[in-house]
Amino acid sequence: MEFLFLGTSAGVPTRTRNVTAILLHHQHPTQPALWLFDCGEGTQHQMLSTAYHPGKIERIFISHLHGDHLFGLPGLLCSRSMAGNAHPLTLYGPKGLREFTETALRLSGSWTDYPLEIVEITAGDILDDELRKVTAYPLEHPLECYGYRVEEHDKPGALNARALKAAGVKAGPWFQDLKAGKTVTLEDGSVIRGADFLAPAIPGKAVAIFGDTAPCASAFELAKGVDVMIHETTLDASMEEKANSRGHSSTRQAALLAREAAVGRLIITHVSSRYDGAGCQRLLAECQAIFPATELADDFAVFTV
């Protein structure tokens, strides 16, 4: 998996940071996919500076309906249609996403020439495409808000062809079923269990992508054991009370969660416009003092999982 941050500012854009949007590129060898998490104003403009095109996006996950996570959606949907794109697109998000999207299109005299599905979600599993699963967790924010846990399914281990040959099993089309762990009956009547000739499964990667949130009970389960946790750090530790009162988290709180949930890496984003470059480095240092494996996302930063 590869993350490309299209916007990392909280609330309003700055000269160097646009509002929230994150591309997730699933780099599967035969079934790659491009997903978008949140779509703040100007997201399609940000994409013009990348190698990606809105027409390639298959799914868009909206954490909540605040404008800095949503106002770029109508423009992106329309541009995608005007480009003649016919590929289906599915939107996921809280109740109200359908009304917002359909109203914006209707009042502006716009439409989509591609199949558009809108799924208004509640907490729980919302997607399983046989390669990866997405689960939504409720967060603590003034509007209904979700974080998304994306988990790749474990990959089957390699088939031990040498051991099969030693057992007298000749190569053939049944190797495909054996690699899938199935039990195969050969022409001579012998029964071969694929599971007996497979190396251990390769664990899939897991990531947690938080929407805006103050500390809450479900955050630990969302983040528990993931390879990468993407979390807002709207304000520094000295402004923690103010952050929480508005449904946000401080640097200290994000880093503590990362440590307690035993995540592999923490990527911080959604930084208040009050912080310049030096201020952002101070936020990063506050997190690293608690959780050293913390990185700061800038616009157009790329992280590989």
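Residues numbered from 1 in each chain as written. Predicted model: local features only at pLDDT ≥ 70, side-chain atom pairs only at ≥ 80, totals over all residues. Heavy atoms only, no water.

An unreviewed UniProt entry lists the chain under the name Ribonuclease BN, with Citrobacter farmeri given as the organism. Reading the Sequence similarities (unreviewed entry) entry of the UniProt record for the chain gives the comment "Belongs to the RNase Z family. RNase BN subfamily." Turning to the chain, the UniProt annotation filed under Function (unreviewed entry) states: "Zinc phosphodiesterase, which has both exoribonuclease and endoribonuclease activities." (UniProt positions renumbered as here; feature names shortened; annotations may be inferred.)

Asks: Could you give an account of empty space enclosed by the protein, with specific residues and numbers?
Replies: In total, this model carries one cavity of 30 Å³ or more according to the counting rule given. Approximately 120 Å³ is the volume attributed to the largest cavity. Taken together, 18 residues make up the lining of the largest cavity; nearest its centre are Thr-20, Ile-22, Asp-38, Phe-210 and Gly-211. Listed by contribution, the elements that provide at least two residues to the lining of the largest cavity are strand S10 (146-152) and strand S14 (228-232). The element best represented in the lining of the largest cavity is S14, accounting for three residues. Within the lining of the largest cavity, the residues separate by chemical class into eight nonpolar, seven polar and three charged. (1 Å grid on protein atoms, 1.4 Å probe; cavity = no way out; pocket = protein on both sides within 12 Å on 5 of 7 lines; lining within 4 Å. Points joined across faces, edges and corners; volume = space filled by probe spheres on them. Helix = DSSP H or I, 4+ residues; strand = E, 2+ residues; numbered from the N terminus. Nonpolar A, V, L, I, M, F, W, Y, C, P; charged D, E, K, R; others polar.)

Asks: Account for the packing of helix H8 (residues 251-260) against helix H9 (residues 277-290), naming residues and giving values.
Replies: Remark: H8 packs on H9, axes separated minimally by 8 Å, with the N-to-C direction vectors making an angle of 35 degrees. Crossing handedness for the pair H8 and H9: right-handed. Packed against H8, whose contacting residues are Thr-251, Arg-252, Ala-255, Leu-256 and Arg-259, the element H9 presents Leu-283, Glu-286, Cys-287 and Ile-290 at the interface. Residue composition of the contact of H8 with H9, by class: five nonpolar, one polar and three charged. (Axes fitted to C-alpha atoms, helices over the stretch in contact; angles between N-to-C directions. Left-handed = near helix turned anticlockwise from the far one by under 90°. Contact = heavy atoms within 4.5 Å.)

Asks: Before we move on, can you summarise the UniProt feature "binding site: Zn(2+) 2" (unreviewed entry) in the chain with the specific residues and values?
Replies: Under the local residue numbering, the UniProt record ascribes the feature "binding site: Zn(2+) 2" (unreviewed entry) to Asp-68, His-69, Asp-212 and His-270. Spanning 203 residues, the annotated positions come together in the fold, the maximum distance between their C-alpha atoms being 10.6 Å. Residues from the annotated list that form part of the lining of the largest cavity: His-69, Asp-212 and His-270. Mapping Asp-212 onto the fold places it in the loop between strand S13 (206-209) and helix H6 (219-223). Discounting chain neighbours no more than four positions away, the residues touching Asp-212 are His-64, His-69, Leu-139, Glu-140, His-141, Cys-145, Glu-232, Gly-247, His-248 and His-270. For His-270, the location among the structural elements is in the loop between strand S15 (265-269) and strand S16 (271-272). Setting aside anything within four residues of it in sequence, one finds His-270 in contact with Thr-8, Ser-9, Ala-10, Gly-11, Thr-20, Asp-68, His-69, Asp-212, Glu-232, Thr-233, Thr-234 and His-248. Only 3.4 Å separates the side chain of His-270 from the side chain of His-69, close enough to count as a polar contact. (Polar contact = N/O pair within 3.5 Å; in protein donor to acceptor, adjacent residues only side chain to side chain.)

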